[in-house]
Amino acid sequence: MLKLADFKTNEKSWWCPGCGDFGVLAALQRALVDLGKPPHEVAIVAGIGCSGKIGNYINCYNFHVVHGRTLPTAMGLKLANRRLTVIAAGGDGDGYAIGGNHFLHAIRRNVDITYIVMDNQIYGLTKGQVSPTSGVGFVTRSSPHGNIERPVRPLQLAIAAGATFVASGFSSDIKQLASLIKQGIEHKGFALINVYSPCVTFNKVNTYDWFKETLINLDEDPNYDPTDRAAALAKLIETDEQVRGLVYKAEQPSFEELFPGFREEPIVHQDWTMPPEEFEKLLARYR
Ligand SMILES: Cc1ncc(C[n+]2csc(CCOP(=O)(O)OP(=O)(O)O)c2C)c(N)n1
Ligand code: SF4
């Protein structure tokens, strides 16, 4: 039987006391224990940012990749060995600014990975600049007169781009977040879990108390139907994405199921060796 301790490392935490990312780490570890996934069957691909440190604190395969490149790396891993549970994780800057284009295409491809974005509406690691999810008027070190750009709305963007699983978590509700992560991992295809994860050092506006007051819990609304795409979009527009819970879910074939080369054994278990003379012939065709 797996225990939480199986997913812990001895690495000293680099996060500020009170950082929302602690809750995300705890929820992810809880979800993996509950799903009975042993550490050697799990890989986490983490981006650059405070949030990207999460991979150091969880005992499984960990790839700390170049800023904004979590999703291509995670998709490559999954396609090479689809027996792995692959989690991509990073910040709102990592995912929606420099990695924004990959975000759209990962959704479109529907590779079976789970993407956890720790959304603190600011750049934490680089000490408090505006991020793509920062609100209008937000005063930061890079916007001293208030942010004039309208924010990206990741949940609406994901649904509009064809996402098959979209959830919104809050890092101080570890129970709900662990449940959403579990559902995301169990979902066949790309699963986005955007988590409101306060940066207590640089963001004094979007605090724990602020989220507690504003977030509407969709999981507690008996009239909310997460399989209704139009209703999900309408709810996100109406609430300006101040929601938590399962937002939208649809069944669609995943990329691996559709692509003939991946239907058999995972690539890492297939024999790809080629006799040297055949390899030379192949090379000659391209000279
Ligand atoms: C190619 C590249 N551009 C810029 C940076 C600088 N940089 C490091 S982390 C980061 C943004 C961090 O914000 P976010 O992704 O929201 O993560 P957080 O630290 O808030 O968790 C930036 C711009 C970098 N490391 N690499
Ligand atoms: S700077 Fe912000 S995001 Fe980074 S560890 Fe500290 S509280 Fe967390």
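The sections below set out a description of the structure shown in this document.

Definitions and cut-offs
- Residues numbered from 1 in each chain as written.
- Chains lettered and ligands numbered in written order.
- Predicted model: local features only at pLDDT ≥ 70, side-chain atom pairs only at ≥ 80, totals over all residues.
- Heavy atoms only, no water.
- Near = heavy atom within 4 Å.
- Polar contact = N/O pair within 3.5 Å; in protein donor to acceptor, adjacent residues only side chain to side chain.
- Areas by Shrake-Rupley, 256 points an atom, 1.4 Å probe, with all protein chains shown as cover.
- Helix = DSSP H or I, 4+ residues; strand = E, 2+ residues; numbered from the N terminus.
- Nonpolar A, V, L, I, M, F, W, Y, C, P; charged D, E, K, R; others polar.
- Pairing = 2+ DSSP bridges.
- Contact = heavy atoms within 4.5 Å.
- Axes fitted to C-alpha atoms, helices over the stretch in contact; angles between N-to-C directions.
- Phe/Tyr/Trp six-rings, centres within 6.5 Å; stacked < 30°, edge-to-face > 60°.
- Lys NZ or Arg CZ within 6 Å of the ring centre and 35° of its normal.

### Digging into the site of ligand 1
- The full set close to ligand 1 counts 16 residues, and Cys50, Ser51, Gly93, Asp94 and Gly124 are the nearest of them.
- Residue Leu125 places a main-chain N or O atom 2.9 Å away from an oxygen atom belonging to ligand 1.
- In the complex, 73% of the free accessible area of ligand 1, which totals 590 Å², lies under the protein chains.
- Residue contributions to the shell around ligand 1 peak at four residues, all from helix α3 (residues 92-98).
- Grouping the amino acids of the shell around ligand 1 by side-chain chemistry returns six nonpolar, eight polar and two charged.

### Some remarks on the sheet that holds strand β4 (residues 114-119)
- The strand order across the open sheet formed by eight strands is β2-β1-β3-β4-β6-β5-β8-β7, and the pairing between neighbours is mixed. Edge strands, defined here as strands with exactly one partner in the open sheet, are β2 (61-64) and β7 (216-217).
- The pairing of strand β5 (residues 165-170) with strand β6 (residues 191-196) spans five bridges and is parallel. Each bridged residue has a counterpart across the sheet, and for Gly169 the counterpart in β6 is Val195.
- Of the strands in this sheet, β1 (42-46), β3 (85-91), β4 and β6 are in contact with helix α1 (residues 21-35), which crosses β4 at around 160°.
- Across the face of the sheet, helix α8 (residues 229-239) comes into contact with β7 and β8 (243-249) while running at roughly 155° to β8.

### Here's the deal with the packing of aromatic side chains
- Tallied over the full model, the rule gives 10 aromatic pairs.
- Seen in terms of ring centroids, Phe255 and Phe259 are 5.6 Å apart; in terms of plane orientation they differ by 10°. Their pairing is stacked.
- Linked through ring pairs, Phe170, Tyr196, Tyr208, Trp210 and Phe211 together constitute an aromatic cluster.
- Against the face of Trp14 rests Lys53, its NZ or CZ located 4.2 Å from the ring centre.

### Some points on the site of ligand 2
- What surrounds ligand 2 is the set Trp15, Cys16, Cys19, Cys50, Asn120, Cys199, Val200, Thr201 and Phe202.
- In the shell around ligand 2, the residues fall into seven nonpolar, two polar and no charged.

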